[in-house]
Amino acid sequence: MARQSYVSSLLLFLLLIGLACPVIAAPAGNSLLIYCGITMVRPMTDIARQFEKQEKISIAIAQGGSEDLYQSAKKSQKGDLYLPGEPVFRIKHQPEGLLGEYTVLGMNQMALMVKKGNPKKVKPDLKELLRKGLVVVLGSSESGSVGVEARRILTQAGLYPKVAAKVAQMMPDSRSIMAAMRRGDADLTMSWRATGYFPDNAPSVDVLDLPPSIAPPQELQLTLLNFSQNKAMARKFMEYAAGPQGQTIFRRYGFITVSKAGR
């Protein structure tokens, strides 16, 4: 009865926030809820499906902007793991006491992205975001990691106020940015580079890499939530995602991976 009550409450919560992904039955009574930033949803979903079969559990993934996800977890006090798009969210919220140990799954890195074939001959230079005649979209720093990192990079370059004033639209996350690029609504954007290699995006965009001195790789820190009711299984999932099978999946989606790391 306790298990049924927990799973019912979990699914109701996911339905209310509109972020549920399919789950399978869990005869052993184990379930996990993972809060996952938009950019990492695809590899994390593949890893979760494999882990479900191996452990005979069910996993639900709540997806969205990294800040929005943290606030949802904080408010609900439900869930087990949190994967933001960069470490700044852990640093920002660590004093609140909800975030525990973490393991590194790979790296996120920002890049410029243009229409396929680069018809406007855009250079891999941040100043191109200010070029006349180019329609630019950018991520909002209020909701997701892609906007937070874009703002940090452009602020360091002394360009953010001018770029922010020029952009056609501020988007909530990398998914909406890439949708705008696929539709042809923009000539240029800055997003997490892995998204440019996703199968549905690759036919529409080219990735213009930026040097690490300008766009340093950012760790993807899969973090245990201290209020998790299933810490043992959550830790097992962390190890699996950081292991060979999980790393293979992350590489397949264009992420920079690590052999094994944790804190």
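The rules behind the values
- Residues numbered from 1 in each chain as written.
- Predicted model: local features only at pLDDT ≥ 70, side-chain atom pairs only at ≥ 80, totals over all residues.
- Heavy atoms only, no water.
- Salt bridge = Lys/Arg side-chain N within 4 Å of Asp/Glu carboxyl O.
- Core = buried A, V, L, I, M, F, W, Y, C linked by side-chain atoms within 4.5 Å.
- Buried < 20%, exposed > 50% of the residue type's maximum accessible area, 1.4 Å probe, protein only.
- Helix = DSSP H or I, 4+ residues; strand = E, 2+ residues; numbered from the N terminus.
- Contact = heavy atoms within 4.5 Å.
- Polar contact = N/O pair within 3.5 Å; in protein donor to acceptor, adjacent residues only side chain to side chain.
- Pairing = 2+ DSSP bridges.
- Expected span 1.5 Å × (residues − 1).
- Axes fitted to C-alpha atoms, helices over the stretch in contact; angles between N-to-C directions.

J.: What is the right way to read the pattern of salt bridges from this model?
T.: Where charged atoms of side chains with opposite charge meet at close range, the side chains can pair. Across all of its chains, the model carries 15 salt bridges by this definition. The structure contains a network of salt bridges with shared partners spanning Arg42, Arg182 and Asp200.

J.: Sorry, what's going on with the nonpolar core here?
T.: Grouped together as the largest cluster of nonpolar side chains are 34 residues, with contacts concentrated most on Leu126, Leu129, Leu154 and Met190. Of all the elements in the fold, those that place two or more residues in this core are strand 5 (110-115), strand 6 (136-139), helix 5 (145-156), helix 6 (160-166), helix 7 (174-183), strand 8 (188-192) and strand 9 (205-209). With five residues, the single largest contributor to this core is strand 5. Those residues in contact with Leu126 that lie beyond four places of it in its chain are Leu112, Ile153, Leu154, Ala157, Leu159, Met190, Leu210 and Ile214.

J.: Teacher, can you tell me more about the side chain of Gln221 here?
T.: Mapped onto the elements, Gln221 comes out in strand 10 (residues 218-225). One polar contact links Gln221 to Glu219, side chain to side chain, over a distance of 2.9 Å. Residues contacting Gln221, with those up to four places away along its chain left out, are Tyr82, Leu83, Pro84, Pro87, Arg90, Tyr102 and Thr103.

J.: Can you help me understand the pairing of strand 6 in this one?
T.: When a strand is regular, its side chains alternate between the sheet's two faces. Burial along strand 6 is two-sided: the residues Val136 and Leu138 and Val137 and Gly139 are all buried. Looking at chain direction, strand 6 and strand 8 are connected through two bridges and run parallel. Within strand 8, the position partnered with Val137 by the bridge is Thr189. Of the pairings in the sheet, the one linking strand 6 to strand 7 (residues 169-171) comprises three bridges and is parallel in character. Bridge pairing in strand 7 links Gly139 to Met171.

J.: Is there a simple way to think about the side chain of Ser58 in this case?
T.: Structurally, Ser58 can be placed in strand 2 (residues 58-64). Of the polar contacts made by the side chain of Ser58, one reaches the side chain of Ser31; its length is 3.2 Å.

J.: In this structure, what is going on with helix 5? I would like to understand it.
T.: A turn of α-helix holds 3.6 residues, and therefore any two residues three or four places apart point the same way. Here helix 5 is 12 residues long and its end C-alpha atoms lie 16 Å apart, about the 16 Å a rise of 1.5 Å per residue gives. If you check which residues of helix 5 are buried, you get Ser145, Val146, Gly147, Val148, Glu149, Ala150, Ile153 and Leu154. Looking at the residues trailing helix 5, positive phi occurs at Gly158, about 75 degrees.

J.: Help me understand the sheet that holds strand 5 in this model?
T.: Hydrogen bonding along the main chain pairs the strands of a sheet, whether they run parallel or antiparallel. Taken in spatial order, the five strands make up an open sheet running 7-6-8-5-9, and their pairing is mixed. The open sheet has two edge strands with one neighbour each: strand 7 and strand 9. When strand polarity is set aside, the average angle formed by the axes of neighbouring strands in this sheet is 35 degrees. Those strands touched by helix 5 are strand 5, strand 6 and strand 8, and its axis lies near 115 degrees from that of strand 8. Across the sheet, helix 7 lies against strand 5, strand 6, strand 7, strand 8 and strand 9, angled at about 145 degrees from strand 8, the strand it touches most.

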